[in-house]
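If you want the building blocks of each chain, they are given just below.
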Amino acid sequence: MIVTRADFLKSATNEGEYPEAGAPEVAFCGRSNVGKSSCLNVLAQRTHLARVSKTPGRTRLLNFFELDLVEETRSGAKKPAKTVRLVDLPGYGFASGPREERKRWKGMIEFYLSRREPLRAFVVLIDGEIGPQPNDHEMIEWSVSLGKKPIVVATKIDKLKSSRRAAALQKHAAALHIPAVLPFGAKEKLGVNELWKALLLETGLLP
Ligand code: GDP
């Protein structure tokens, strides 16, 4: 997969600020520090794409990015580009803040997850080394209740010895009562093609 274009579109809190519906959207959520920005940068093949999401004032907003992807066939020929949007949702570090702030965070995410028409896939990132935490369980159960079954991705998988990875992923999946958790490592670019494939299948961009 080659990313031929990766643009920051805009930040938003409410529907009126969302970019006009266009390409299918994939939203990313996780606890602060789980490796979400690193994951987005690796997927987008850009070093600093998700830096905008960390800009003061933007950390509590939905940040929309738009990418063009070109798949290379085995013969090296390029297929026409597919366009997809990655939406960086604010980390749930803020969800443990003051009550009012928690309420605002919840309202903003709930509206986006349940009402945004182009949303096709929802990714919850968990820390592959430490496994799902209580707020990860909560996030996953809540999103399922909103009708969005998440793709769960275990980040920082390089921190586990390769001989321990498969068992750890199985354990995380069992704890979450889901069939599978995908491994990902931004540092060593592990699981990148597999994650892209899962996302494109879910968006319908891959047949
Ligand atoms: P965010 O707060 O969820 O956006 O997390 P960041 O992407 O900023 O990453 C948080 C910390 O985890 C940083 O110190 C990263 O360098 C580190 N990190 C992110 N991805 C990986 C990874 O794949 N492997 C390792 N070892 N560290 C990672």
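Residue positions are given per chain, counting from 1 as you read along its sequence in written order. Per-residue local features of the predicted model are confined to residues with pLDDT of at least 70, and side-chain atom pairs are confined, for both listing and counting, to 80 or more; whole-chain, interface and lining totals are unaffected and use all residues. In computing side-chain values, all of the structure's heavy atoms are included and hydrogens and water are not.

1. A look at the overall build of the protein chain
Piece 1. Strands here are runs of E lasting at least two residues and helices are runs of H or I lasting at least four, both read from the DSSP assignment and numbered beginning at the N terminus. Within the protein chain, the regular secondary structure consists of 6 helices and 7 strands.
Piece 2. Beginning at the N terminus, the succession of helices and strands in the protein chain can be written as β-β-α-α-β-β-α-β-α-β-α-β-α.
Piece 3. Throughout, radius of gyration means the C-alpha value; the globule benchmark is 2.2 Å times the number of residues raised to the power 0.38. In terms of C-alpha radius of gyration, the protein chain reaches 16 Å, essentially the compact-globule figure of 17 Å for 207 residues.
Piece 4. The principal-axis extent of the C-alpha atoms belonging to the protein chain is close to 55 × 45 × 30 Å.
Piece 5. As presented, the protein chain carries roughly 10,600 Å² of accessible surface, and 50% of it is formed by carbon and sulfur atoms.
Piece 6. Positive and negative charge centroids in the protein chain, built from 33 and 23 side chains respectively, lie 3 Å apart. Note on areas: Shrake-Rupley with a 1.4 Å probe; residue coverage comes only from the protein chains shown. Positive charges come from Lys and Arg alone, negative charges from Asp and Glu alone, with His and the N- and C-terminal ends not counted. Note on charges: their place is set at NZ of Lys, CZ of Arg, CG of Asp or CD of Glu.

2. A word on helix α4 (residues 134–145)
Piece 1. Here α4 spans 17 Å end to end across 12 residues, near enough to the 16 Å set by a 1.5 Å rise per residue.
Piece 2. Only protein chains enter the accessibility calculation, which uses a 1.4 Å probe; a residue is then buried when its area is under 20% of its type maximum, exposed when over 50%, and partly exposed in between. Turning to α4, its buried residues number three or more, namely Asp136, Met139, Ile140, Trp142 and Ser143. All buried residues of α4 lie within an arc of 165° about the axis, which places them on one face of the element. Those residues of α4 that are exposed and aimed more than 90 degrees away from the buried face are Pro134, Glu138, Glu141 and Ser145.
Piece 3. Pairs of residues are marked as contacts when any of their non-hydrogen atoms sit within 4.5 Å. Those residues of α4 that are buried are in contact with β2 (25–30), α3 (99–115), β5 (119–127), β6 (151–155) and α5 (162–176).
Piece 4. Gly147 sits one or two positions beyond α4 and adopts a positive phi of about 85°. For a helix, the expected span equals 1.5 Å multiplied by the number of residues minus one. Arc, as used here, means the arc of the directions from the helix axis to the C-beta atoms.

3. Topic: the side chain of Ser11
Piece 1. Tracing the backbone shows Ser11 in strand β1 (residues 2–12).
Piece 2. Here Ser11 falls in the buried class, since its relative accessible area comes to 18%.
Piece 3. Engagement of the side chain of Ser11 in a polar contact is seen with the side chain of Arg58, the distance being 3.3 Å.
Piece 4. Polar contacts, as counted here, are pairs of nitrogen or oxygen atoms within 3.5 Å of one another; within protein the pair requires one atom able to donate a hydrogen and one able to accept it, and residues that are adjacent in sequence qualify only if both atoms are side-chain atoms. Separated by 2.5 Å, the side chains of Ser11 and Asn63 make a polar contact.

4. Details of the site of the ligand
Piece 1. Residues in close proximity to the ligand total 13 residues, the closest being Ser37, Ser38, Lys54, Asp158 and Ala186.
Piece 2. Between the ligand and Lys36 there is a distance of 2.8 Å, counted from an oxygen atom to a backbone nitrogen or oxygen.
Piece 3. Compared with its free state, where it exposes 580 Å², the ligand has 73% of that area covered by protein.
Piece 4. In terms of residues, the shell around the ligand owes the most to one element, helix α1 (residues 36–44), which gives 3 residues.
Piece 5. Nonpolar residues are Ala, Val, Leu, Ile, Met, Phe, Trp, Tyr, Cys and Pro. Charged residues are Asp, Glu, Lys and Arg, and all others, Gly as well, are polar. Broken down by class, the residue content of the shell around the ligand amounts to 2 nonpolar, 5 polar and 6 charged. Here a residue is near a molecule or strand as soon as one of its heavy atoms is found within 4 Å of it.

5. Remarks on the environment of Ile126
Piece 1. With respect to the helices and strands, the residue Ile126 is situated in strand β5.
Piece 2. Judged by its relative accessible area of 0%, Ile126 is buried.
Piece 3. Setting aside chain neighbours within four positions, we find Ile126 in contact with Val34, Pro132, Asp136, Val152, Val153, Ala154, Thr155, His172, Leu176 and Val181.

6. Concerning the pairing of β2
Piece 1. For β2, the tally of buried residues reaches 6 of 6 residues, placing the bulk of the element in the interior.
Piece 2. Both faces of β2 are covered, namely the face carrying Glu25, Ala27 and Cys29 and the face carrying Val26, Phe28 and Gly30.
Piece 3. Here, any two strands with at least 2 DSSP bridges between them count as paired. Two elements, β2 and strand β4 (residues 82–88), share 4 bridges in a ladder whose sense is parallel. Bridging from a neighbouring strand, Ala27 pairs with Val87 of β4.
Piece 4. Taken together, the 6 bridges between β2 and β5 define a ladder with parallel strand orientation. In the strand pairing of β5, Gly30 is matched with Leu125.

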